[in-house]
Amino acid sequence: MLKLWQVLRLLWRAHPAAMWRGALLAVLVLLMGAALLGLSGWFITATGLAGIAGVGIAFDVFRPSAGVRGLALGRAAARYGERLLTHDATLRALAALRVTLLARLERFPVAELRRLRGASALTRITADVDALDGVVLRLALPISAALLTHAAVFLGLWALTSHAVAISVAAGYLLGGGLVLWRVGRATLGLSARAESATQDLRRRAIGLFRGRREAILQGALPRWRAGLDATEAEARAAMDELDRIDSGAGMALSTIITLIVAGVFALAGWLVVEADLDPALGAIGVFVALALGETLLPLRRGMAEIGRMRDAAGRVLAEPPARNLKRLSESSPAVVPGKAVLELRHLSLARPGWSRLLLHDLSFALAPGETLALRGASGLGKSTLLDVIAGLEPVTAGEVSLLDRPLATWPETDLREVLTLVPQRAALVSGTVLENLALARPGLTEAEAVAALEAVHLAQTVGARGGLSSPLGEGGAGLSGGQARRLVLARALLRRPKMLLLDEPTEGLDAETAREVLAGIRKFLPDAAIVTASHRAAELEAADQVIDLKSYIPES
């Protein structure tokens, strides 16, 4: 439960003032509800007694009735304010939590982040963050408000009625209600987590079936896929049905406890009226207040039933990234010296993250300003992994990488990103305008700079036909073809004007003529940059000053 406490602290610190106001209003709602029923019970009883005694005409009905109306209206206003403040504060806090999550993900190795790009992983992250709104709305605020309300009611009943009534109400709710809620939390701790896991698995399978439906039909695998989806749905439904059964049982048990408490207080108050001369109207306060306190108990069962789901979500959101052996020092970055190598590899050996077998062995080369190097090799030889190593995203297995005559491992992270840019095979575009996507590389980007970058990759005419830089793109760059999206990503990388540019299959999806034009435009836009491309296309190999076939550096088995 430590993770839940840490999440609560993060959410509360995001907007503490709004959280405190919401918490106070939550307590006020419960107190006004108890006061409303208590005053109503006293008013009804006192009015009846006055009528029996024949003094009804002298009984003041105006102030109690005004109090009832005031409490009713005040409770409705407080409820509205409480919902407004707590939900607004929680939504803002969840937005802050997403920033915290992104900051944590930023420290994960690239191999881990690439595994998070799938629909199932992204759905899991979204569901985990959404699940954590219950930490505040269904656990922290209701429990704390209930405890404070019971403490205030205990003191009020002790002063107005009898210590026996006050103790009976407090003991009944805290012991009886607490026992039921504890059993609900214990019974659903693992069950709610399994239900969430099954639901996410169902969502992942449904997305997979939707995206691969054509292949499934062509290969005759649709019935098998559908059967797997049905089995997963049955598992998720069974877990949810069991949760509903426990929730319904808990609701019945809590309602029974409330009924027994009210009945017990009614009997106790009647006995005190007869034996201890307790005023009947004051005795009625205890009965009606005991009934009103049911509002503090019943909503808590939902939060307790989801505590396992919240706990697991908190554990994943707050998970620390694995340690990375990439040392960064606080030094300034050197300038490019004409004639000196921008990039130099000396006797480099590397393996994929988590693998013991080497991909490449004893690779050495140097690249001067203005030169282009093409890495050639079949898929799986390690071209992308080598680019990740050069970009400082993965450690070398053996050997050394130097950038601007300094070992890569000693570069400060901020300075490294200023001089080196990597464009991977799958680079992301965001929902927004073309200009907003380009401005990710350079805040304050002018339209003239943006157009120059688009012209370099031969995309300016296409963007102009779509409505210009203000034309909108959908999620992931929807609205552009694969080749157009690729060129927009390249234009964004050019705007950083790096001294070292790494391109992983930059002309994928382009015809040969367009590929040659794009490569020529990149070199014209960055005449002094050293460029390394992972290539297998003729246009990329022809544009290179050096070509290295990685097949020659595969270690012998």
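- Under an unreviewed UniProt entry, the protein has the name ATP-binding cassette, subfamily C, CydC and belongs to Alloyangia pacifica.
- Heading Subcellular location (unreviewed entry) of the UniProt record for the protein holds this comment: "Cell membrane".

## What about helix α17 (residues 447-456)?
Residues separated by three or four positions in an α-helix point in the same direction, a consequence of the helix having 3.6 residues per turn.
Step number 1: Every buried residue belonging to α17 is among A450, A453, L454 and A456, and all of these are buried. Looking down the long axis of α17, one finds its buried residues gathered within 155° of arc, a one-sided arrangement. Within α17, the exposed residues directed more than 90 degrees away from the buried face are E447 and A448.
Step number 2: Considering only its buried residues, α17 is in contact with α16 (434-438), α18 (460-465), α19 (482-494) and α20 (512-525).
Step number 3: Where α17 ends, the next residue or the one after it, H458, has phi of about 55°, a positive value.

## As for the nonpolar core
Side chains that are nonpolar tend, in soluble globular proteins, to be buried together.
Step number 1: Ranked by size, the top nonpolar core spans 63 residues in total, and within it L11, L132, V135, L157 and V169 carry the most contacts.
Step number 2: Not counting the four nearest positions on each side in its chain, V169 is found in contact with L157, I261, V265, A290 and L293.
Step number 3: Formed by 36 residues, the second largest nonpolar core is a distinct cluster that contains V434, L445, L480 and A491.

## What to know about the pattern of salt bridges
Step number 1: The tally for this structure, following the rule as stated, stands at 19 salt bridges.
Step number 2: A salt bridge links R83 to E82; its shortest N-O distance comes to 3.6 Å.
Step number 3: E82 gets classed as buried once you look at its relative accessible area, which sits at 9%.
Step number 4: The salt bridge involving E242 is made with R245; its shortest N-O contact spans 2.6 Å. Taken together, the residues E242 and R245, both in helix α9 (residues 222-275) and three residues apart, mark about one turn of the helix.
Step number 5: Three or more residues are tied together by salt bridges with common partners; here these are R75, R79, E82, R83 and E295.

## Comments concerning the pairing of strand β3 (residues 372-376)
Step number 1: Within β3, four of the five residues are buried, which leaves the element mostly enclosed by the surrounding structure.
Step number 2: Pairing of β3 with strand β11 (residues 546-549), which is carried by four bridges, proceeds in the parallel orientation. Bridging across to β11, L375 finds its partner in I548.

## Overview of the pairing of strand β9 (residues 500-504)
Step number 1: With five of its five residues buried, β9 lies for the most part within the structure.
Step number 2: Here β9 shows no split at all, with M500, L502 and D504 on one side and L501 and L503 on the other all buried.
Step number 3: Direction of pairing for strand β6 (residues 420-423) relative to β9: parallel, over a ladder of four bridges. Each residue of the ladder has a partner; that of V423, found in β9, is L503.
Step number 4: Here β9 pairs with strand β10 (residues 530-535) via five bridges, running parallel. If you follow M500 over to β10, its bridge partner there is A530.
Step number 5: Following the chain from β9 across α20 to the adjacent parallel β10, one finds a crossover that is right-handed.

## Brief notes about a nonpolar patch on the surface
Step number 1: A contiguous nonpolar surface patch, about 260 Å² in accessible area, is contributed by I143, L147 and L174.
Step number 2: As for its placement among the helices and strands, L174 is situated in helix α7 (residues 163-211).
Step number 3: Residue classification places L174 among the partly exposed positions, given a relative accessible area of 47%.

## What to know about α9
Step number 1: For α9, spanning 54 residues, the distance from its first C-alpha to its last is 78 Å, which sits close to the expected 80 Å at 1.5 Å a residue.
Step number 2: Positive backbone phi, approximately 55°, marks D277, located one or two places after α9.

## Side note on the side chain of T188
Step number 1: Following the sequence through the fold, T188 ends up in helix α7.
Step number 2: In this structure T188 comes out as buried when scored by relative accessible area, which is 0%.

## A few points about the side chain of T161
Step number 1: Its location among the elements puts T161 in the loop between α6 (133-160) and α7.
Step number 2: Taking the relative accessible area as the measure of exposure, T161 reaches 13% and is therefore buried.
Step number 3: There is a polar contact of 2.5 Å between the side chain of T161 and the backbone oxygen of L157.
Step number 4: Each residue touching T161, except ones within four places of it in the same chain, is listed here: L278, L282, I285 and G286.

## Side note on the sheet that holds β6
Step number 1: Taken in spatial order, the five strands of this open sheet run β6-β9-β10-β3-β11, and their pairing is parallel. Among the strands making up the open sheet, the edge pair consists of β6 and β11. Sheet twist, expressed as the mean angle between neighbouring strand axes with direction ignored, is 15°.
Step number 2: Bridge count between β3 and β10: five bridges; the pairing is parallel. Bridge pairing in β10 links R376 to S535.

## A short note on the domain arrangement of the protein
Step number 1: Splitting the protein by domain gives domain 1 (2-200 + 240-317) and domain 2 (326-553).
Step number 2: The gap between the C-alpha centroids of domain 1 and domain 2 is 55 Å.

## Looking at the packing of aromatic side chains
Step number 1: This structure, assessed with the given rule, holds one aromatic pair.
Step number 2: Lying across the ring of W411, R406 places its NZ or CZ 4.8 Å from the centre.

## Section: unusual backbone geometry
Step number 1: Located in the positive-phi region is D405, a residue other than glycine, with phi close to 65°.
Step number 2: By the element assignment, D405 lies in the loop between β4 (398-403) and β5 (406-407).
Step number 3: Under the relative-accessibility criterion, D405 is labelled exposed at 54%.
Step number 4: The backbone phi angle of E505 is positive, close to 50°, even though this residue is not glycine.
Step number 5: For E505, a relative accessible area of 12% translates into the label buried.

What counts and how
Residues numbered from 1 in each chain as written. Predicted model: local features only at pLDDT ≥ 70, side-chain atom pairs only at ≥ 80, totals over all residues. Heavy atoms only, no water. UniProt positions renumbered as here; feature names shortened; annotations may be inferred. Buried < 20%, exposed > 50% of the residue type's maximum accessible area, 1.4 Å probe, protein only. Helix = DSSP H or I, 4+ residues; strand = E, 2+ residues; numbered from the N terminus. Arc of directions from axis to C-beta. Contact = heavy atoms within 4.5 Å. Core = buried A, V, L, I, M, F, W, Y, C linked by side-chain atoms within 4.5 Å. Salt bridge = Lys/Arg side-chain N within 4 Å of Asp/Glu carboxyl O. Pairing = 2+ DSSP bridges. Right-handed = clockwise from strand over helix to strand, strands pointing away. Patch = residues over 30% accessible without salt bridge, like charges linked within 9 Å, V, L, I, M, F, W, Y side chains within 5 Å. Areas by Shrake-Rupley, 256 points an atom, 1.4 Å probe, with all protein chains shown as cover. Expected span 1.5 Å × (residues − 1). Polar contact = N/O pair within 3.5 Å; in protein donor to acceptor, adjacent residues only side chain to side chain. Axes fitted to C-alpha atoms, helices over the stretch in contact; angles between N-to-C directions. Domains from an automatic or database assignment. Phe/Tyr/Trp six-rings, centres within 6.5 Å; stacked < 30°, edge-to-face > 60°. Lys NZ or Arg CZ within 6 Å of the ring centre and 35° of its normal.

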